[in-house]
Amino acid sequence: MKLEVGKYVRFDNVICQIEEVEEDWLCFDIGFYNHWNELTYSMKYKEFVEEYKPKFSNNLIDLIETGDYVNGDRITQIASDYVEVCYGRDSYDFIKKENIKSIVTKEQFESMSYRVGR
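Let us look at the structure shown here.

Procedures and definitions
- Residues numbered from 1 in each chain as written.
- Predicted model: local features only at pLDDT ≥ 70, side-chain atom pairs only at ≥ 80, totals over all residues.
- Heavy atoms only, no water.
- Pairing = 2+ DSSP bridges.
- Helix = DSSP H or I, 4+ residues; strand = E, 2+ residues; numbered from the N terminus.
- Axes fitted to C-alpha atoms, helices over the stretch in contact; angles between N-to-C directions.
- Contact = heavy atoms within 4.5 Å.
- Salt bridge = Lys/Arg side-chain N within 4 Å of Asp/Glu carboxyl O.
- Buried < 20%, exposed > 50% of the residue type's maximum accessible area, 1.4 Å probe, protein only.
- Phe/Tyr/Trp six-rings, centres within 6.5 Å; stacked < 30°, edge-to-face > 60°.

1. Remarks on the sheet that holds strand S3 (residues 25–33)
Overall, antiparallel pairing links the five strands, which are arranged S4-S3-S2-S1-S5 in an open sheet. The sheet is open, and its two borders are formed by strand S4 (39–44) and strand S5 (55–57), each paired with just one other strand. Geometrically, the sheet is characterised by an average inter-axis angle of 35° between neighbouring strands, direction not taken into account. Bridge count between strand S1 (residues 8–10) and strand S2 (residues 15–22): three bridges; the pairing is antiparallel. By the bridge assignment for S2, arginine 10 is matched with isoleucine 15. Across the sheet, helix H1 (residues 45–52) touches S1, S3 and S4, and the angle it forms with S4 is around 100°.

Here it is as C-alpha cells:
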C-alpha cells in the first residue's frame, strides 16, 4: 500500500496522520517519541516500516482497537462505521466515526496512569 498525505498511522503508542511525503521521509501531524525517547515529527520511510511495523489506513476507525479511548470513553466493540463505548459502570453508547473527536490508545493511557501501591 502506498503511503501518502492524509493516511492515518498507528504506531505502538499513538495514532497520527501523514502530513507530508518527501523522497524517503515522512512527516506527521503530531510529535511522538521514537525508540530513543526523542520527540520526532518525521522519519525515514525504511525506518518507519522496518522498525516500527505500523498499521496504516485511509479510514481512522480501522486503526482503533478495543481498549482504546474515544472522546474520553473506553471502547468495548468496533464496527465498520461506529465504535461502542462504555461509560460509567454498565452504560454503553455508540459513537459514529464522523463524531470521533479524540483518541487515546490503550498504550498511551497505560503509560500516563499512576499505579497506587506498586
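And the narrative resumes.
2. Structural notes on the sheet that holds strand S9 (residues 91–96)
By definition, the strands of a sheet pair up through backbone hydrogen bonds, in either a parallel or an antiparallel sense. Taken in spatial order, the five strands make up an open sheet running S9-S8-S7-S6-S10, and their pairing is antiparallel. The sheet is open, and its two borders are formed by S9 and strand S10 (103–104), each paired with just one other strand. In this sheet, S9 lies alongside strand S8 (residues 82–87) in antiparallel orientation, the contact comprising six bridges. Each residue of the ladder has a partner; that of valine 85, found in S9, is aspartate 93.

3. So, the pattern of salt bridges
In this structure the tally under the stated criterion is five salt bridges. Of the charged contacts, one joins arginine 10 and glutamate 65 as a salt bridge, the two residues approaching to 3.4 Å between their closest N and O atoms. Here glutamate 65 lies in the loop between S5 and strand S6 (69–70) and arginine 10 lies in strand S1, a separation of 55 residues in the sequence. The salt bridge partner of glutamate 107 is arginine 10, with a shortest N-O separation of 3.1 Å. Placement of the pair is glutamate 107 in helix H2 (residues 106–112) and arginine 10 in strand S1, with a sequence separation of 97 residues. With a relative accessible area of 3%, arginine 10 lands in the buried category. Connected through salt bridges with shared partners, the residues Arg10, Lys55, Glu65, Asp68, Lys106 and Glu107 form a single ionic network.

4. What about the packing of aromatic side chains?
Summed over the entire model, instances satisfying the criterion amount to five aromatic pairs. Seen from their ring centres, phenylalanine 11 and phenylalanine 28 are 5.6 Å apart, and the 80° between their planes marks the pair as edge-to-face. Note that phenylalanine 11 is positioned in the loop between S1 and S2 and phenylalanine 28 in strand S3, a separation of 17 residues in sequence. Each member of the pair phenylalanine 11 and phenylalanine 28 is classed as buried.

5. A few points about the environment of lysine 2
Structurally, the position occupied by lysine 2 is in the segment before S1. Taking the C-alpha atoms as reference points, lysine 2 and phenylalanine 56, 54 residues apart in sequence, are found 9.9 Å from one another.

6. Brief notes about the pairing of S3
Relative to S3, S2 runs antiparallel, the two being bridged by four bridges. Residue pairing across strands places glutamate 22 opposite tryptophan 25, the latter belonging to S3. Hairpin remark: S2 followed by S3, antiparallel, with two residues in the connecting loop; positive phi at glutamate 23, about 45°. Sheet topology places S3 next to S4; five bridges connect them, and they run antiparallel. Looking across to S4, one finds that cysteine 27 is bridged to serine 42. Counted along the chain from S3 to the antiparallel partner S4, the turn is five residues long, and its residue asparagine 37 has a positive phi close to 60°.

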